[in-house]
Every structure is written in C-alpha cells, then in structure tokens.
Amino acid sequence: MFFGGDYNPEQWDEAVWKEDDALMRRARVNLATVGVFSWALLEPEEGRYDFAWLDAHLDRLHANGVSVDLATPTASPPPWFTLAHPDAMPVTRDGARHIHGSRDTYCLASPAYRTAARNIARALAERYGEHPAVVMWHVHNEYVTLCWCDHTAAAFRDWLRDRHGSLEALNEAWGTAFWSQRYGSWEQVLPPRATNWHQNPGQHLDFRRFWSDLVLAAFREQRDAIREHSDRPVTTNMMLPGYQNVDLWALGREVDVISIDHYPDAPGLDAAADTAFAADRARSFAGGRPWLLMEQGANTVYDGDRILGKEPGEILRHTIGHIARGSEGALFFQWRQSRAGAEQWHSAMVPHAGADSRIFREVQAVGEAVERLGEVEGSTVTAEVAVLHDADAWWAMEVDGLPSADLDYHGSLRRAHRALWEAGVTVDFAHPEHDLSRYRFIVAPALFLLSDAGAANLRRYVSGGGTLLVQHFTGFVDEYLHARLGGYPATPLREALGIRVEEHRPLRRGEHIVLSDGTRATVWSELLRSEGAETVLTYTHGMLTGHPALTRHRFGQGEGWYLSTRLDDPGYAALITRILGVGTEPPGVESVTRHATDGRSWEFLLNHTATTISLPESAHDLLTGAPVSELPPGGCAVLRKNR
Ligand code: GAL
C-alpha cells in the first residue's frame, strides 16, 4: 500500500531535506511523486538538461526507503518556452492568448509544445528508466487546458475529416442547414470560438470529442517515449469527480494504472459521499483493477470560494474510504506546505506549523494505519449495481439552448450515486454500451444522448433479466445530437420501458409539484404515454394531471422503470430502496468489502453517525492490529474475514 505525496524539494534547502527524511520515516511514507512542476530546473534552456539535483534527491529518497513516482513536468512549461514559441500559448474561446506566470500554459495541438514535452519525457526516461527508486511514471498533471488557437483549428479539421469523411457528411451531422451555417470548404470550419448567440451543438460535441482524443494522443506520446527506456507502470493523474476534458473510459485503456486526485467540494457527510463517488468512478475506469489515489488534501475541503479544513479523524476516514473502494494506498498533494507561490495556502502533510501540529500527528497515524493494510493489496471490489456514465452524454448536456438550465449531468450522476450510497449499496459506473449482464440493477440518470448501440444494449439488458431505472430527458438525441423522431427515448429503449414521451414540460425555477402519492418533484415533467407499462405514480398538476410520472414495465425477463421528473431527495431515496428491495435506514455505517482471488476478504467499515456502533461479533481490525467490537462516532475499521 502506497503512502506519501507530491514532493517538491526544490522549494527548500538542505536542512529541510534532512528533516523531510526523518519525518517521512515517522509518517511511514513509501512513495513520493517528484518533479511534477520542475521543468524550469530540469531544462533551464531549450535542449540543455540539468539532472544533477534530481539525481541527488532520488538517491536520497531511495536511501531513505522512499520509492519515487517520477513525473514529467509538462504541465508547466518554463518562461523560455513561451518566448521561443509564443504560438504554443493557449488561446481562450474569445481570442485572448495566455502567457506564463501561472501553470498549464500550453496548447496540446501546438507542434512545438508536443515536441518539447516528448523530448523532456524521453530525456527523463533515458536517465531514470531503471533507477532503483523509480517504481512508477506520472505523465503530466491533470490534462485540463483547452485551447481555441489556429493550431487547434488545423488539428480539429483533420480530426473532423477522419470522423466524417466528407464535408457533406459534416454539414449533415452538424445540421448546418439551420441558420445558414453550411460549410463550403474545410478552411471555413473552426473550433467553437466565442459567438454572439447559441453555438452549433454538433460543433461543440465534436470539439469535446476531438479534445479528448488530443489529450490521449499527447499522453500516448510521452508514455511511449518512457516505455522505450523503462518497464515501470505509467499513469497520469485525473481530477475527479468533476473532470470532463477527456473520455475517462478511453483514458483508462491507455494508462497502466488509473490514478485520481480527489478534493471534496463540501464538508462532512457530503465529503464522505463524494469520496465514495470519486473512488467508485476510479475503480470503474480502471476496469475493476486496483487504482491509486494520487492526490488528496491533508486539510483541504473546497467549498465554493473558500478552502475549508478537515475535522479530526477525517484524513483517516477519507483515506480508508478510497482504499475500501480499491485504491492501492493514499497519496497527498503535497508533502510539505509551500512557503511561497500560488498554492502557499493549500494544505500539506507537513503544514507551515511544522511536525508539532495536529495535522502531522494525524498524518503520521494514518501512515501507520495504511502500513498495516499491506495484506489487502491486489484485492478488488465487486458491485451488483451500476450507474451509467458516458462522456458523450455529459458533453451533449453542455450545449447551448437546452430547455432548462436546471438540467445537470454531473449533479444527476451524483444524486443517483448518493441515493445508492445511502442505501448501503456498492456501485460501479458503466458505459451504456458495456456488457451489463452482471448487474442486477442499473440506473441511467442522465443519458440525454444515447447511441443506437447503447439503446439496443439497454433493451437487451432488460429483456435478459436486468432491472433498469431510466430518468427524464434520456435518449432524446442520437450520437449526432439529432432529436429522436416519433417520441422519445430511442425506440429500442422505449420498447423496454413500455412508454413513449411525447412532450417535455420544464418546471419554473424553484417550482415544486406533487405526485399522486404526495412525493414532491422539481425541475422537469413530461407528457408520457404508456405503451404497455404500468403507471406507478401520476402527476397532479395542470394539463399533466392524471398522466403517468413514474412507470414500470415487465419486459422479457426483466423490468424497465421510467421516472419522468426529478424527485426530491427523500422521494428519490425511497424509490431506489423500493426498486432494490432494501431497507430505508438513514446513512450510517458505510461498509465495502475487498476480495482476494484466494478467497480472503476484508470488510471496510466507516461510522458516519454520531453514536457508537456495536459490531455483531468481535473481529480483527487491521487498522489497529487488535480485535474490535464497536466503532465510535467517526471511527473506521478494516475487518479481516474468512481467516
Ligand atoms: C490538484 C493539482 C495539484 C495542486 C492541488 C491543489 O488538482 O494536481 O498540483 O494544485 O490540486 O489542491
């Protein structure tokens, strides 16, 4: 199990390095991510490398028993790069060119940037590919920058030629007959730069897809340059949960190890739920294989425009929350809190106050606990329930001109996951075109865009015996963002659900409606006709009075549910538990089990309540190395089973 974090020794001097060595031993640090933002030191001038300082740090870490996740520094090109290649600086949607002085100043479509990134990755791999300290490669840092420059425009056109084959096909796909947007030559086609009114939806969606492919290509170039000189696994850290600049299913196929950065965006129970959401997604993108929490904050909870701290015990709970769901350890951004620079107020394992601090004492205790989890390594988590996620559907819901500003892809996924989490159910995420047969229940909270293949797959899933809950505004458009004609959703799915949506009727901001059993709903309603489905709940307002709001349809061996509005939280939780046939206890003890192939398993327990929970029987707790029979408020335990 890995424990450690981003380590930036270049910000400190020798006296601090000595203290780092001692404190890392105390905290049981065994992995340091080095060099993430070190380009200016590693290559002070174009083509002139200085590795002496890095040699010394890698040797020192190695001698101290700390392995290295060696990063390529390409997320922050140095100032010399800007001046030599001003055309490689990113251009915003409205034409402003950014400049160095922060980080992430590059355009992934710029040939000069790509060459420079490949060169520094290759140089690092040549030098450190077999270094005994290096156990993993960390390409780049969070591929987040988008760009709308001329290099991007040229690369976008090439991508579009490949995807559509001809200009005619592109015009058809983008529906350019509308608003006189017809393209007469490829040169006229641009990335979706700032316009004075709604942008073409097809152009937006294809740009998102193009950018995702560009990220994958840039990653692959560095990965392959590294692989020429090193056999250690290669990763790139993704920012979860809200990150959508790349199709994470596709990225999962390119990396050797999925790694994520996770910073909760609300405190308390919301942070715990968000931890589970991020971790379940990471495990799913990893295809069920173990993955790694690359960054978390020792004392960081983002809350809108402020950075809150963590409560005592939360570092352990968040760490265990991730490991429970498949992470092979827990790393932090960063080891030592920076004295200067833009992130000097971002927390770290060693805070400004130094080692004599609550934070470091908790970090040390967490390090000791993680060290005791070694036997769990390599074990996996299985889920019987899945939430469907598709990058295309997410990007599709970003387009201008949707009928309601309250339609929210990411929020819908989180709500579905949260309701399942509160019901105590372990959840995978799955793509609508995956083989879904191993799941007994699937929720499709927000597949506005659903491909023909996806719709047919969901139909197959239900007829084969699965239970599917489809939520409003799903399957309204195909993969080109063209509306489904003759009623929504896409025909194969309509058959499985036994319904036909004839009209959508968004609700006003803040408006609440009441369904036939008293459940409250917001945001959306639909005029829905049953084509074989049983009506479970009806609307009680306006022209929809008496029409179905929630339906259920026996189809083949399975069952398709359709929810045409957005239920309030208690109503939604009640629906989920009703379909699953589980109790409606309030959120209490989170329980997840990791299984080894040899039959061993470990139950991870997190007590989110304010009361002490008695366990049914005393069991060996890996975290303390002692038997445990109860969990105090906020406590966690990892129970060894079957041995
Ligand atoms: C991460 C990023 C780190 C650091 C951290 C601060 O997303 O990868 O470099 O900026 O956020 O919270």
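All figures in this text were calculated on a predicted structure; none of them were measured in a lab.

1. Some details on the nonpolar core
At step 1: W335 and L420 are the most contacted members of the largest nonpolar core, which has 190 residues in total.
At step 2: Top contributing element to this core by residue count: helix α8 (residues 201-227), with ten residues.
At step 3: Residue contacts for L420: discarding those within four places in its chain leaves V385, V387, V425, V427, F441, V443, I576 and L580.
At step 4: Counting residues in hydrophobic clusters, the runner-up holds seven residues, among them L605, L631, A637 and L639.

2. Examining the packing of helix α5 (residues 111-128) against α8
At step 1: Relative to each other, α5 and α8 sit at 30°, their axes nearing to 7 Å. In terms of orientation, α5 and α8 fall into the roughly parallel class. α8 is crossed by α5, and the crossing has right-handed handedness. Of the residues in α8, those touching α5 at R114, A117, R118, A121, R122 and A125 are L214, A217, A218, E221, Q222, A225 and I226.
At step 2: By residue class, the composition of the contact of α5 with α8 is eight nonpolar, one polar and four charged.

3. Quick notes on the packing of helix α3 (residues 52-63) against α5
At step 1: Where α3 contacts α5, the axes come no closer than 12 Å and their chain directions differ by 50°. Viewed along their axes, α3 and α5 adopt a mutual orientation that is oblique. As α3 runs across α5, the sense of the crossing is right-handed. Of the residues in α5, those in contact with L54, D55 and L58 of α3 are L124, R127 and Y128.
At step 2: The residue makeup of the contact of α3 with α5, split by class, is four nonpolar, no polar and two charged.

4. Description of the layout of surface pockets
At step 1: Of the pockets and cavities examined, the largest pocket occupies roughly 630 Å³.
At step 2: Lining the largest pocket are 24 residues, with Q11, F37, S76, S102 and R103 positioned closest to its centre.
At step 3: Top contributing element to the lining of the largest pocket by residue count: helix α2 (residues 39-42), with three residues.
At step 4: Estimates place the volume of the second largest pocket at around 510 Å³.

Rules and cut-offs
- Residues numbered from 1 in each chain as written.
- Predicted model: local features only at pLDDT ≥ 70, side-chain atom pairs only at ≥ 80, totals over all residues.
- Heavy atoms only, no water.
- Core = buried A, V, L, I, M, F, W, Y, C linked by side-chain atoms within 4.5 Å.
- Buried < 20%, exposed > 50% of the residue type's maximum accessible area, 1.4 Å probe, protein only.
- Helix = DSSP H or I, 4+ residues; strand = E, 2+ residues; numbered from the N terminus.
- Contact = heavy atoms within 4.5 Å.
- Axes fitted to C-alpha atoms, helices over the stretch in contact; angles between N-to-C directions.
- Parallel < 35°, antiparallel > 145°, perpendicular 65-115°, else oblique.
- Left-handed = near helix turned anticlockwise from the far one by under 90°.
- Nonpolar A, V, L, I, M, F, W, Y, C, P; charged D, E, K, R; others polar.
- 1 Å grid on protein atoms, 1.4 Å probe; cavity = no way out; pocket = protein on both sides within 12 Å on 5 of 7 lines; lining within 4 Å.
- Points joined across faces, edges and corners; volume = space filled by probe spheres on them.

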